[in-house]
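Summary of the model geometry
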Number of protein chains: 2
Amino acid sequence: MFESAELGHKIDKETYDKEVPLLREALLEAQMDLARQAKFQVIILVSGVDGAGRGETVNLLNEWMDPRFIQTHGMGDPSDEELDRPMMWRFWRELPPKGRIGVFLGSWYTWPILNRVAGNTKTADLDQSLERARRLETMLTAEGALILKFWMHLSREKQKKRLKLLEKDPKTRWRVTERDWEHYKRYDKFQVVSESVIRHTSTAEAPWTIVEGFDARYRGLTVGKVVLDAIRKHLDEAGTKMTEVFAPPPLPSIDRLDILKTLDLSQKIDKKNYEAELEKYQGKLALLTRSPKFKEITVIALFEGNDAAGKGGAIRRITGALDARYYNIIPVAAPTEEERAQPYLWRFWRHIPRRGRMTIFDRSWYGRVLVERVEDFCSKTDWMRAYSEINDFEAQLVRHKIVVVKCWLSISKDEQLKRFKEREEIGFKRFKITEEDWRNHKKWDEYEHAVCDMVDRTSTNIAPWTLVEANDKYFARIKILKTVCRQIETAMKN
Amino acid sequence: MFESAELGHKIDKETYDKEVPLLREALLEAQMDLARQAKFQVIILVSGVDGAGRGETVNLLNEWMDPRFIQTHGMGDPSDEELDRPMMWRFWRELPPKGRIGVFLGSWYTWPILNRVAGNTKTADLDQSLERARRLETMLTAEGALILKFWMHLSREKQKKRLKLLEKDPKTRWRVTERDWEHYKRYDKFQVVSESVIRHTSTAEAPWTIVEGFDARYRGLTVGKVVLDAIRKHLDEAGTKMTEVFAPPPLPSIDRLDILKTLDLSQKIDKKNYEAELEKYQGKLALLTRSPKFKEITVIALFEGNDAAGKGGAIRRITGALDARYYNIIPVAAPTEEERAQPYLWRFWRHIPRRGRMTIFDRSWYGRVLVERVEDFCSKTDWMRAYSEINDFEAQLVRHKIVVVKCWLSISKDEQLKRFKEREEIGFKRFKITEEDWRNHKKWDEYEHAVCDMVDRTSTNIAPWTLVEANDKYFARIKILKTVCRQIETAMKN
């Protein structure tokens, strides 16, 4: 795997001095086109062996390009705010928007590799991390991002030579740390692990480029040219590119029987019982969220449902039991300009709460497979791949001890019609009903189909859907409160 | 000051039950109008005596209002990311956008009060903090924000009684901590300090409302009504309100002599000297920014200048010496949608870097008193108040050991014309010149006037302007590099 990167590649000064100005101009132009079109972002990962010039290469790229539109992130030790969230959060928060370039020194590969080399993890753990990295990259590229992964390589002898050279020069001595020499001692182990990483994650969408790191001129020119070619090619393709559908299509509805039709929407409870139950479960939720154990978990609850199914009312019955300092409600409507310049999950990642807190999403990332699907706001390929992307996303949350509560509030078509009419009649509820609601009402069957697919494909053991019969608001609210309490209790027991 | 809040205010259950539904409906409607118009944000600060029901009141507000558009922030101990920035950064990051309500439990008053009561600070320090708070609030209200400040009060006896009551009930026992009883022992001291805080910061724009905290019904209803009235009134006024100009107008230019005209733009250095100096000062900057002491400071460098004055080139000469992981360039163009929904300084606060890092602004907050002034993008009142707001902002940065470097790159009108024409002729530079540049060129005198006012009013000891003669690019770049090195050196010596 590293053979070509141990041949002793070299570029003489004359060639270099001739090539660089041309390369720079071309890079600048490509960058301008990228910024102007703003159709995709470029994510550059720079990894590799210590002393192979990772930092220098990144600095060179920054020097060559327009620094306003490129940003470099040194992913060192995470901050406490980052430790409080799933590992990937720190990458999501630094993701470049469309039109920009983000360079990551240290990536989602760094810790899996280091941990494996140090013997803190097993091969199975490493494989798991790599599988996750692969899936993340697949998603990002499907969202249009261009991912370039560079591995700066040195042979064992060359690494030693480079480290010695760097140590000799007072101007570069600070670059060589104890840790570098420690890593050097584990060169062979490091080599084996890296090779397996590169092998497992060189996908068609985001292959690794291995670059021999000894000669600075060769290294710089090579990386520059790869970056240039990749951006140029991606610019030419953007818009015309057809991504293949890589998930089987959802089940067709042949007998018109579906999971929503099996719900008994006539279930109800009377006012007196409701009030007693409400007090009971709000009290329970209040105690649960104020217990010391709650500080160790995080809760994300999301609510989807038919229009007028009573999401808002149900949410208020939950927050009524909470301390306002520790929860947060995110109403999900059309994305903002900054959100539109990012992969669609970005706008949810940015709201992942810290430990001991609850975030409630009023509508959620499932918009992708509901309204965006039905209204053709995204392509079929986009919403089809969303199911597995969402499952991956939620799996990351759950792995980080985040309780994911997902409720679908279901009402009948007749009940919806009744509620719409009521809303039109009552003054202060009138703002709640729009033309769009009526349009959606007409697409009832399509929405129902989308909901069933969603439940089939995203109700998992770790993050199950709760279907809530909501023709009776009292019944729905109590069922939701019970669900939230139960999921929190279970999580706190573990 | 607290007399009215020790009268034993009380509301009976019957009145309460009758009033609350009406209040809630009115609050909801006001909130909807607020969200729809999205012309201003509401900032509610809840402070006061322990046990006076601050938390309960906030929870009540959240229960009454639509939780999607109100957000509560418990400002406890700051995170490490927050400690790395000026104190106000954590409030800026939680500021509600226009149309929303942000409730702060714990505010910019909390720590000044607690520190003074504990004897960690002197009265002078407290006064200084209050002056800063006052100026912040003046700025926020001038930007349209509605600020409501509640002080929940209890007399000495009532506080004791409330704490005992809370302790007795198993459901509320967790609310009373050791700290509460400690504070109680210092009741008198606390009282004196609070009174002085309230007195000094009850301004016309943002007065304190003192509420007796003993009776929950009285407390809740009072706060609810104040919030409702204030939002309603502000909604009616929004748009029609005229803010008074509270800064004297800038100097008129009578003899047409100004500071820019005193610059000797003919200064230049030849290529050979340039290259030697460039190497020298880039090397110096490289060493400075890599020294251990640099980890204790932060650098913010901003560049303003005539169009085509060479800002980009100068910035690249700086970044050429830096490690790309530790700097960040923020090109300032038109604000994004999310930025437009905030006070104008918000978009700069969000980019304040952590310790040991440098952020370079290509154009900056000075746009307010340059392009926005000349092009009438904001009112005269707005840009006139901006001078002192900017000085306050920079003072906060400097107090936090942030080095603020400000460079104005000055070229002559003829030189600009020459460069514009060059740009039109050279292929890959053509994207740099737009219609707008030509329009600005015609407004040369107005811009010059604005620049002189800016320098006069914002060049301070702690954050001075450096005027850079930029007709010769070499000369300008070296002067800038020297300035950056000098300011960093000075800061690291302190």
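Residues numbered from 1 in each chain as written. Chains lettered and ligands numbered in written order. Predicted model: local features only at pLDDT ≥ 70, side-chain atom pairs only at ≥ 80, totals over all residues.

Now for the overall build of chain A. A count of helical and extended segments in chain A gives 20 helices and ten strands. For chain A, the C-alpha atoms occupy an extent of roughly 85 × 50 × 40 Å along the three principal directions. Within chain A, counting contacts between residues at least 6 apart in sequence, those at least 24 apart form 83% of the total. (Helix = DSSP H or I, 4+ residues; strand = E, 2+ residues; numbered from the N terminus. Contact = placed C-beta atoms within 7 Å.)

Let us look at the sheet that holds strand S9 (residues 402–410) of chain A. All names here are of chain A. If you trace the five strands from one edge of the open sheet to the other, you get S7-S8-S6-S9-S10, paired in parallel fashion. Of all strands in the sheet, those with a lone pairing partner are strand S7 (327–331) and strand S10 (465–469), marking the two edges. Strand-to-strand twist of the sheet, defined as the mean angle between neighbouring strand axes without regard to direction, takes the value 20 degrees. (Pairing = 2+ DSSP bridges. Axes fitted to C-alpha atoms, helices over the stretch in contact; angles between N-to-C directions.)

Moving on, we get to the sheet that holds strand S3 (residues 101–105) of chain B. All names here are of chain B. Strand order in the open sheet made by the five strands is S2-S3-S1-S4-S5, with parallel pairing throughout. With partners counted over all chains shown, the strands left at the sheet margins are strand S2 (70–74) and strand S5 (208–212), one partner each. On average, adjacent strands in this sheet sit at an angle of 20 degrees to one another, irrespective of strand direction. Direction of pairing for strand S1 (residues 42–48) relative to S3: parallel, over a ladder of five bridges. Its bridge partner lying in S3, Val42 is registered against Ile101.

Ile318, Leu409 and Val484 of chain A together with Ile44, Val46 and Val103 of chain B are the most contacted members of the largest nonpolar core, which totals 108 residues. Considering each element in turn, this core owes the most residues, nine residues, to helix H20 (residues 473–493) of chain A. Ala133 of chain A together with Leu322, Leu370 and Cys485 of chain B belong to the second largest nonpolar core, which has 107 residues in total. (Core = buried A, V, L, I, M, F, W, Y, C linked by C-beta atoms within 7 Å. Buried ≥ 20, exposed ≤ 12 C-beta atoms within 10 Å, placed from the backbone.)

Right, let's talk about the pairing of strand S6 (residues 298–305) of chain B for a bit. All names here are of chain B. Counting buried positions along S6 gives eight out of eight residues, so the element sits mostly inside the fold. Relative to strand S8 (residues 358–362), S6 runs parallel, the two sharing five bridges. Of the residues in S8, the one forming a bridge with Ile300 is Thr359.

On to the environment of Thr381 of chain B. Residue and element names in this part refer to chain B. For Thr381, the position within the fold is in helix H16 (residues 380–399). Among the residues examined, Thr381 registers 15 C-beta atoms within 10 Å and is labelled partly exposed. When the C-alpha atoms of Thr381 and Val46 are compared, they prove to be 30 Å apart, with 335 residues separating the residues in sequence.

Take unusual backbone geometry next. Residue and element names in this part refer to chain A. The phi dihedral of Arg363 falls on the positive side, at around 70 degrees, and the residue is not glycine. Mapped onto the fold, Arg363 is located in the loop between strand S8 (358–362) and helix H15 (371–374). In this structure, Lys401 is a non-glycine residue whose phi angle is positive, near 65 degrees. Note on placement: Lys401 falls in the loop between helix H16 (380–399) and S9. By C-beta crowding, Lys401 is classed as partly exposed, having 13 other C-beta atoms within 10 Å.

The next subject is the relation of the copies chain A and chain B. Rotating chain A by 180 degrees and translating it 0.0 Å along the rotation axis places it on chain B, where the RMSD comes to 0.0 Å. Taken together, the rotation angle and the small translation identify this as a two-fold axis. Most of the interface of chain A is mirrored in chain B, where 100% of its interface residues again form contacts. (Least-squares fit on C-alpha atoms with pLDDT ≥ 70 in both.)

To continue, consider the packing of helix H11 (residues 271–290) of chain A against H20 of chain A. All names here are of chain A. One way to put it is that H11 packs onto H20 with a least axis distance of 10 Å and a crossing angle of 25 degrees. Considering their axes alone, H11 and H20 lie roughly parallel with respect to each other. Between H11 and H20 lies a crossing of left-handed hand. Residue-level contacts link Lys271, Tyr274, Glu277, Leu278, Tyr281, Gln282, Lys284, Leu285 and Leu288 of H11 to Tyr474, Ile478, Leu481, Lys482, Val484, Cys485, Ile488 and Glu489 of H20. Counted by class, the contact of H11 with H20 contains eleven nonpolar, one polar and five charged residues. (Parallel < 35°, antiparallel > 145°, perpendicular 65-115°, else oblique. Left-handed = near helix turned anticlockwise from the far one by under 90°. Nonpolar A, V, L, I, M, F, W, Y, C, P; charged D, E, K, R; others polar.)

Turning our eyes to something else, we now look at the domain arrangement of chain A. Residues and elements named next belong to chain A. Its domain assignment divides chain A into domain 1 (3–237) and domain 2 (259–493). Centre-to-centre, using C-alpha coordinates, domain 1 lies 40 Å away from domain 2. If you look at the interface, domain 1 gives 18 residues, while domain 2 gives 18 residues. If you list the elements that add at least two residues to the side of domain 1 that touches domain 2, you get helix H4 (89–92) and helix H6 (123–142). Of the residues belonging to the side of domain 1 that touches domain 2, the class tally is eleven nonpolar, no polar and seven charged. (Domains from an automatic or database assignment.)

Before going further, it helps to examine the packing of helix H5 (residues 110–117) of chain A against helix H9 (residues 187–201) of chain A. Residues and elements named next belong to chain A. Taken N-terminus to C-terminus, the directions of H5 and H9 make an angle of 140 degrees; their axes are 9 Å apart at the nearest point. On the basis of their axis angle, the class for H5 and H9 is oblique. Considering only the axes of H5 and H9, their crossing is right-handed. Along the contact surface, H5 presents Ile113, Arg116 and Val117, while H9 presents Lys189, Phe190, Val193, Ser194 and Val197. A class-by-class count of the residues in the contact of H5 with H9 yields five nonpolar, one polar and two charged.

All names here are of chain B. Residue placement: Trp465 occurs in strand S10 (residues 465–469). On the basis of neighbour count, Trp465 is assigned to the buried category, with 20 C-beta atoms found within 10 Å. Distance in space between the C-alpha atoms of Trp465 and Phe190 is 43 Å, their sequence separation being 275 residues.

Moving on, we get to the environment of Gln159 of chain A. All names here are of chain A. Within the secondary structure, Gln159 is located in helix H7 (residues 156–168). Gln159 gets classed as buried once you count the C-beta atoms within 10 Å, which come to 22. Sequence-wise, Gln159 and Val49 are 110 residues apart; in three dimensions their C-alpha atoms are separated by 7.9 Å. The residues contacting Gln159, other than those within four sequence positions of it, are Val49, Gly51, Leu154, Tyr184 and Tyr187.

All right, on to the pairing of strand S1 (residues 42–48) of chain A then. Residues and elements named next belong to chain A. Counted residue by residue, S1 has seven buried out of seven residues, so it is predominantly covered. Alternating positions in S1 separate into two faces, Val42, Ile44, Val46 and Gly48 on one and Ile43, Leu45 and Ser47 on the other, with burial throughout. Inspection of the sheet shows S1 paired to strand S4 (residues 146–153) by seven bridges, in the parallel sense. Among the inter-strand pairings, Val46 is bridged to a residue of S4, identified as Phe150.

Across chain A, the average pLDDT comes to 89, with 95% of residues at 70 or higher. Element-level pLDDT for chain A is lowest in helix H8 (residues 178–185) of chain A, with a mean of 82, against a maximum mean of 98 in strand S6 (residues 298–305) of chain A. (pLDDT = per-residue confidence, 0-100.)

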